[in-house]
Amino acid sequence: MSLTSFPGTNSSPNGAPITKITMPALTDMKRQGKPISALTAYDYATSRLADEAGIDFILVGDSLAMVILGHENTLAVTVDEMIHHTRAVRRAVHRALVVSDMPFGSYNSVAEGLANAVRFVKEAGAEAVKIEGPRIELVHALTEAEIPVVAHLGLTPQSVHRMGGYRVQARTAETVLQLKADAHALADAGAGAIVLEGIPREAAAQITAELPAPTIGIGAGPDCDGQILVFHDLLNLTFAPPAKFVRRYADAGTLIRSAIEHYREDVEHRAFPSDEESYHLPEAVRKALDDMQQAATLRKA
Ligand code: KIV
């Protein structure tokens with residue numbers, strides 16, 4: 001495709017032009033002091049709603065292992081499963097940046113990480129990949145290979161066994177300094193944004209002030225350049241008490257449960273479907289069938 005025909009803008013289903021959010025656009029937003037809104041999503045319907053609601057950055061997070069597939073933690077999800085969900089999200093999203101999480105075990109070496117990241121871009125249409133931990137060499141190699149990277153530091157859920165559970169990280173001066181050093185090294189290696197999860201507000205604020213790359217916080221306080229939440233946490237579609245940093249913006253769990261109960265009751269009471277919700281034969285066909293029925297009854301009598 002030539003430069004002149006490269007679409008800098010996209011169009012929505014109703015034809016209105018849309019300015020696509022790209023990785024460099026997130027850096028511009030940081031420079032302009034515009035907060036970045038990010039949300040996870042894993043399928044067509046929900047990512048379309050998130051995109052139409054104006055979310056800037058949609059993460060096909062490996063949290064799908066828990067909230068979609070019902071696993072106890074994020075470790076079980078595979079590259080193939082992540083690609084399957086990223087494809088669905090990609091089909092729905094016109095404006096937001098679509099980022100795919102590289103799952104546990106898919107980037108143990110630079111070569112493996114590079115090969116799997118290429119799959120996310122080629123097979124699923126991901127516009128960036130996210131990797132957990134200070135994988136400096138891998139971030140450098142992905143950047144060299146033209147694959148934008150979102151890094152993820154602090155409470156990294158793929159390290160649940162090493163951390164001994166989901167615990168707030170960087171609570172001592174020494175660990176804050178290590179975190180800052182890691183964030184700088186990742187940004188220097190080319191990370192386009194850094195997710196900061198489960199760390200004290202003060203540590204996140206310092207990193208955010210020092211880095212040119214935007215920080216996206218989750219449980220990291222309000223001073224990050226953007227915020228991300230898990231879709232199911234935002235809408236109460238989880239089955240456990242929320243973490244301290246979660247704000248429930250709606251109770252979709254109660255809404256959906258009550259709608260399904262109402263439907264079941266209507267079926268049980270033959271209140272669904274109604275005549276208006278049924279298809280009907282044309283009058284002439286109905287009459288012809290009635291006449292045939294009547295003739296058959298007369299013949300039998
Ligand atoms: O997988 C995920 O949902 C994430 C977010 C918590 C940042 O990594």
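Just so we're clear, the structure is a prediction, and the values are computed from it rather than from any experiment. (Residues numbered from 1 in each chain as written. Predicted model: local features only at pLDDT ≥ 70, side-chain atom pairs only at ≥ 80, totals over all residues. Heavy atoms only, no water.)

With that out of the way, let us pick up the packing of helix α4 (residues 79–92) against helix α5 (residues 110–124). Across the interface, α4 lies against α5 with an axial gap of 9 Å and an inter-helix angle of 35 degrees. The element α4 and its partner α5 pack so that their crossing is right-handed. Packed against α4, whose contacting residues are Val79, Asp80, Met82, Ile83, Thr86, Arg87 and Arg90, the element α5 presents Asn116, Arg119, Phe120, Glu123 and Ala124 at the interface. Taken together, the residues that form the contact of α4 with α5 break down as five nonpolar, two polar and five charged. (Axes fitted to C-alpha atoms, helices over the stretch in contact; angles between N-to-C directions. Helix = DSSP H or I, 4+ residues; strand = E, 2+ residues; numbered from the N terminus. Left-handed = near helix turned anticlockwise from the far one by under 90°. Contact = heavy atoms within 4.5 Å. Nonpolar A, V, L, I, M, F, W, Y, C, P; charged D, E, K, R; others polar.)

Helix α8 (residues 173–189) packs onto helix α6 (residues 136–144) with a crossing angle of 20 degrees between their chain directions and a minimal axis gap of 8 Å. By the angle between their directions, the pair α6 and α8 is classed as roughly parallel. Relative to α8, α6 is oriented so that their crossing is right-handed. Contacts between α6 and α8 involve Ile136, Val139, His140 and Thr143 from the former and Asp182, Ala185, Leu186 and Ala189 from the latter. Of the residues in the contact of α6 with α8, the class split is five nonpolar, two polar and one charged. (Parallel < 35°, antiparallel > 145°, perpendicular 65-115°, else oblique.)

The eight strands lie next to each other as β3-β4-β5-β6-β7-β8-β9-β10, forming a closed barrel whose pairing is parallel. Strand-to-strand twist in this sheet, taken as the mean axis angle between neighbours without regard to direction, amounts to 25 degrees. The pairing of strand β3 (residues 36–40) with strand β10 (residues 226–229) spans four bridges and is classified as parallel. Note on β10: the bridge partner recorded for leucine 39 is leucine 229. Sitting on the sheet, α8 is in contact with β7 (149–154) and β8 (193–197), with an inclination near 175 degrees to β7. (Pairing = 2+ DSSP bridges.)

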